[in-house]
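Breakdown of the fold
Below, each chain spelled out in residue letters.
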Amino acid sequence: MSRFVPRAAALAVASVFFAGAAATSTVFAADAPRAENPYLSQADAAARSARVSNVAYVLNFTLTGKESFSGTTTVQFDLKDKDQPLTLDLDKATIRKLTVNGKEVQPQYNKWFITLAAADLTAGRNTVSVEYECLHSTNGEGLHRMVDPVDGRVYTYSHFEPAAAHQMFAVFDQPDLKATYQVNVTAPADWTVASTTRETKVEDAGASKHWTFPVSKILSPYNFSMHAGPYKVWEDKSGKYPMRLFARQSVAPQIQPEEWFKYTKQGLAWFDDYFGIPYQYEKYDQLLVPDFLYGAMENAGAVTFAERGFMHKDKMTASQRHDLASVIMHEMAHQWFGDLVTMQWWNGLWLNESFASFMGTLATAEATEFKNGWQYFYTQGKARAYVSDEQVTTHPIEVPVPSTANAFDNIDAITYSKGASTLKQLRHLLGEETFRKGVHNYLVKYQYKNAKLDDFIGSLGDAAGRDLSQWTKDWLYQPGVNTITANYSCAGGKINSFNLQQTASAQYPVLREQRVQVALMDKQMKVGKVVAVTYKGANTEVPELKGAACPDLVYPNYQDWGFAKAKLDKHSFASARKSLSKVEDPLLRAMLWQSLWDGVRDGELPLNEFVQAVLNNAPAEKDYVVLGDVLTKTTQAKAYLDKMNPDAAYSRKTAAALEQMTWKGAQSSEGDFQRRWIGQYVAFATTPEAQKRLAGLLDGSVKVNGLNVSQDLRWTIIEHLNAVGYKGGDALLAAEQAKDKSDTGEAAALAATVARPDAKVKEEWIAKIGDTQSKLPFSRLRTAMESMYPASQTRLAEQTAAERLAQLPVLDKAAGPVFMRTYATRMIPASCTADSVARLAAAAEQDKELSAGTRRALLVTHQEDARCVTIRKALTVPLS
């Protein structure tokens, strides 16, 4: 699955691993009855899988396009014993009939699972049939239903990760009870139905059609899927495997199918070759679906993608094409690592995602035109992982997951990008071909089965002929990021001593082994000598560098082999600030920018000096990826200033300078660079002159040579003008909404409305968000939460701060985890003041019973608010 936004850690349970020892096998008792709640505990799952095997489903669905659907699940399975009852998961259904081994029985059902009486079961083969009716979901889980506002057509799609298959059919909803699935669907005649397999028969049935699908290969429930609606379908049979692409009819003009098929074909060929095991699911479908919770999902043979990330009303930029290619590759890697071989329980989900992130980036860099794929990975993912690993809520890469309620607690940048980075550096440590051999052997040995971390590490260790237990303990069961620094001295213009110094935080003092490259650079910022070093412990001597010319800058993680925060020595830090634009290597330039930004976040480099470095260097930046990263960091810098005091003389001066820089960039560039600069100009446009210019872009009175003011750009401008309180912004919004009736237009209009600096609007939407009985689709509530308080509205946000903090524990108990993932990361107030920090500390002290994810968000908000105060203190300009 391609990630959406960071999620949280089960801190109390995970603390067992913080002390250091790797996980050992656990024996689960099966005697206690299953808890009466919506979630499945690991203990109950283990007890059930110890008794159940050889599972096969026949699934019949009747879809009408209305708000509910009906189905019949027939599940056959072997049961080891009939000593105890057995549970079958089914969420919030109306059961019409339950038959167990040919006998109709009265359901014992609590709206979460059916309890099958021991007396009705048999030791050996069992058959259970459940006829039921369910409401479609509107929150992106289960079988989601959406009515297209443009043409009234109804679309459905399924999403089950981590454990939502039972929202659609009766199932043993856990990853280690793999099964086959035979599907039959009756749907409106103009609908197309897609599933894991390709249909074998479609029969007319009056106003409907009946679709029959063959028995699938063995899959975990969360990897199975079924999608239905009047989708537009493109096909491509030019490769080894037939490919299809699905999208809603109304958004079809926004799709560029040739790009999808190009990357998909490239990826399938590359993965077949790399893994040495052919793709197993015969056809490759990809579906763009609305209201999707995440980026994409690796359903076997039928991958789903969020529309919002991959629909464009203008020609795709290089960055957008890269994102498309990398997400296609990420989900494709899962077809082997996740679908073919699946983790036993959700504590192994990190390995699925880390491996897919690593392999997806490797495939993007080697199979597509994006040879700079690792540069994108560094700027878009790895840098965030460094931040996450320094936060108070850091956690080991692998942590316990007590129940399905906690399955996504730790799906964050540590899971995705740190995990991928550890695999990348392990590949350097073992050697590329050794790593590849270990992966191949693992997939061959465990295909169509479930596996654990020890199985994967064992396969790599066997291939390398070395014991990886210490590496596993240090990297996977210990949290925190290490810092490496070059410590050297020179005499007579030559290095006479050189060592790498590794440090760790006092809380997590582990020192790790990894292999990096050390690069020496001269005054012209030319890379001279480069040495590969395997370091461990506090100090590692590098004798190969003795006698080399004394450098002007040393970078201790050249080409980004390792996962470590590279802290520049004092002389190198000064050189980087002075001569950054001279560095030729784009990845190295990006990493040096990161070192400067680390200095800001650590309170060592004044924010105003970083901004000046941007103003001095960004206009000359010729690498598209580096420019995007620098502008992203500059956006964060401006957000800090907006929170601190947007009306201060320095803040106003900086805002004007950033406006001028980005406007000039838009005027003097073309193509993708122009679109990057104009997008940033819109974000920085706060002065009256700039706001008027944006309005002129909308009405055509202001033109930029070569710039297409697309529908996407128009909505971006309108949302920004409304957020800054532009006079006439509401009229611009109303006019645009009248022209764009699409659901993306509706969402953009909502974002613009909620973003207005209007206390009444804020109160109205806070009430809607806090209504747990709201009939609004979650996608709309999420849009409102994400748009509610931009950084420039910190003072306005203070008016509802107490109310939102008071809502937090109430909503945490009443709303589900899907809702709280957004609420907790978007609606907790922080205003970069000592009082705000104290308020958050008090809430953290008081609200200790919050769910793991919500509490984590609260703790991170508190820590980052304190960091903002530290950054403010480090400023060398007044902000009064």
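Attention here is on the structure that accompanies the text. Note that the coordinates shown come from a computational prediction; the quantities given were computed from them, not determined experimentally.

So, on to the overall build of the protein. A tally of helices and strands in the protein yields 28 helices and 28 strands. Whereas a compact globule of 880 residues would reach a radius of gyration of roughly 29 Å, the protein reaches 28 Å, a difference of no more than 12%. The dimensions of the protein, computed from C-alpha atoms along their principal axes, are 90 × 70 × 60 Å. In the protein, buried positions account for 60% of the 880 residues. Pairs at least 24 residues apart make up 71% of the contacts formed inside the protein by residues separated by at least 6 positions. Charge centroids of the protein, computed over 97 positive and 97 negative side chains, lie 3 Å from each other.

Moving on to the pairing of strand E4 (residues 94–100). Both E4 and strand E7 (residues 124–135) contribute to a ladder of six bridges, which runs antiparallel. Within the sheet, the bridge partner assigned to Thr-99 lies in E7 and is Ser-129. Pairing of E4 with strand E5 (residues 103–105), which is carried by three bridges, proceeds in the antiparallel orientation. Bridging from a neighbouring strand, Thr-99 pairs with Glu-104 of E5. Turn length for the E4-E5 hairpin, with the two strands adjacent in sequence and antiparallel, is two residues, and the turn residue Asn-101 shows positive phi of about 50°.

To continue, consider empty space enclosed by the protein. Applying the stated criterion across every chain yields a total of four cavities of 30 Å³ or more. By volume, the largest cavity is sized at about 80 Å³. Along its surface, the largest cavity is lined by 13 residues, and Trp-346, Asn-347, Trp-350, Val-399 and Asn-410 are the ones closest to its centre. Of the residues contributing to the lining of the largest cavity, the split by class is eight nonpolar, four polar and one charged. Roughly 60 Å³ of volume is contained in the second largest cavity. If you go around the second largest cavity, the residues you meet are Tyr-378, Tyr-386, Tyr-555, Asn-557, Ala-564, Lys-565, Ala-566, Met-591, Gln-594, Ser-595 and Asp-598. Those elements giving two or more residues to the lining of the second largest cavity turn out to be helix H7 (373–390), strand E28 (565–566) and helix H13 (586–601).

Pairing between strand E24 (residues 514–521) and strand E25 (residues 527–535): seven bridges, direction antiparallel. Opposite Ala-519, over in E25, you have Val-530 as the bridge partner. Here E24 folds back onto E25, and the loop between the two strands holds five residues, one of which, Met-525, carries a positive phi near 65°.

With mixed pairing, the five strands of this open sheet are ordered in space as E15-E16-E17-E19-E18. Two strands lie at the open edges of the sheet, namely strand E15 (232–236) and strand E18 (296–297), each paired on one side alone. Here four bridges tie strand E16 (residues 243–247) to strand E17 (residues 284–289), and the two strands are oriented parallel to one another. By the bridge assignment for E17, Met-243 is matched with Tyr-284. The sheet strands contacting helix H3 (residues 257–275) are E15, E16, E17 and strand E19 (302–306), and the helix crosses E16 at an angle near 140°. Along the sheet face, helix H5 (residues 318–336) touches E17, E18 and E19 and points at about 130° away from the line of E17.

Our next topic: the side chain of Asp-552. Residue placement: Asp-552 occurs in the loop between strand E26 (539–541) and strand E27 (553–555). Reaching out from Asp-552, the side chain makes a polar contact with the side chain of His-571 at a distance of 3.0 Å. With residues up to four places along the chain from it excluded, the contact list for Asp-552 reads Met-521, Asp-522, Lys-523, Met-525, His-571, Ser-572 and Ser-575.

Between side chains of opposite charge, pairing is possible as soon as their charged atoms come close. The full count for this structure, using the stated rule, is 47 salt bridges. Of the charged contacts, one joins Glu-432 and Arg-427 as a salt bridge, the two residues approaching to 3.5 Å between their closest N and O atoms. The class for Glu-432 is partly exposed, based on a relative accessible area of 45%. Under the relative-accessibility criterion, Arg-427 is labelled buried at 10%. Arg-466 serves as the salt-bridge partner of Glu-513, at 3.6 Å between the closest nitrogen and oxygen. Of this pair, Glu-513 sits in the loop between strand E23 (494–503) and E24 while Arg-466 is found in the loop between helix H10 (453–464) and helix H11 (469–476), placing the two residues 47 residues apart along the sequence. Through salt bridges with shared partners, a single network forms among Asp-148, Arg-248, Glu-307 and Asp-743.

Its 19 residues give H5 an end-to-end C-alpha distance of 28 Å, which sits within 8% of 27 Å, the value for a rise of 1.5 Å per residue. Taken across its 19 residues, H5 has 16 buried, putting it largely inside the fold. Positive phi shows up at Gly-338, right after H5, with a value of about 140°.

What follows deals with the nonpolar core. The biggest cluster of nonpolar side chains holds 255 residues, and the ones touching the most others in it are Phe-61, Phe-169 and Met-226. The greatest single-element share of this core, amounting to eleven residues, is contributed by helix H6 (residues 349–367). The next biggest cluster of nonpolar side chains, apart from the first, holds 17 residues, and it includes Ile-484, Ile-495, Phe-498 and Leu-545.

A separate point is the state of the cysteines. Scanning the entire structure with this criterion turns up two disulfides. Linked covalently through their sulfurs, Cys-490 and Cys-550 form a disulfide whose S-S length is 2.0 Å. Between Cys-490 and Cys-550 the disulfide shows an S-S torsion of about 85°. By sign, it is right-handed. Taken as a pair, Cys-490 in strand E22 (residues 483–491) and Cys-550 in the loop between E26 and E27 lie far apart in primary sequence, 60 residues in all.

What follows concerns the environment of Leu-805. Counting through the fold element by element, Leu-805 comes out in helix H25 (residues 801–814). Judged by its relative accessible area of 11%, Leu-805 falls in the buried class. C-alpha separation for the pair Leu-805 and Ala-843, spaced 38 residues apart in sequence, amounts to 7.5 Å.

Right, let's talk about the packing of aromatic side chains for a bit. Going through the model one piece at a time under the given rule, you end up with 50 aromatic pairs. With a centroid separation of 6.0 Å and 85° between ring planes, the pair formed by Phe-355 and Phe-456 is classed as edge-to-face. In this pair, Phe-355 is assigned in helix H6 and Phe-456 in helix H10, connecting sequence segments 101 residues apart. Judged by relative accessible area, which is 0%, Phe-355 ranks as buried. If you follow Arg-512 out to its NZ or CZ, it ends over the ring of Trp-475, 5.1 Å from the centre.

What counts and how
Residues numbered from 1 in each chain as written. Predicted model: local features only at pLDDT ≥ 70, side-chain atom pairs only at ≥ 80, totals over all residues. Heavy atoms only, no water. Helix = DSSP H or I, 4+ residues; strand = E, 2+ residues; numbered from the N terminus. Rg over C-alpha atoms; globule rule 2.2 N^0.38 Å. Buried < 20%, exposed > 50% of the residue type's maximum accessible area, 1.4 Å probe, protein only. Contact = heavy atoms within 4.5 Å. Lys, Arg positive; Asp, Glu negative; His and termini not counted. Charge placed at Lys NZ, Arg CZ, Asp CG, Glu CD. Pairing = 2+ DSSP bridges. 1 Å grid on protein atoms, 1.4 Å probe; cavity = no way out; pocket = protein on both sides within 12 Å on 5 of 7 lines; lining within 4 Å. Points joined across faces, edges and corners; volume = space filled by probe spheres on them. Nonpolar A, V, L, I, M, F, W, Y, C, P; charged D, E, K, R; others polar. Axes fitted to C-alpha atoms, helices over the stretch in contact; angles between N-to-C directions. Polar contact = N/O pair within 3.5 Å; in protein donor to acceptor, adjacent residues only side chain to side chain. Salt bridge = Lys/Arg side-chain N within 4 Å of Asp/Glu carboxyl O. Expected span 1.5 Å × (residues − 1). Core = buried A, V, L, I, M, F, W, Y, C linked by side-chain atoms within 4.5 Å. Disulfide = S-S within 2.5 Å. Phe/Tyr/Trp six-rings, centres within 6.5 Å; stacked < 30°, edge-to-face > 60°. Lys NZ or Arg CZ within 6 Å of the ring centre and 35° of its normal.

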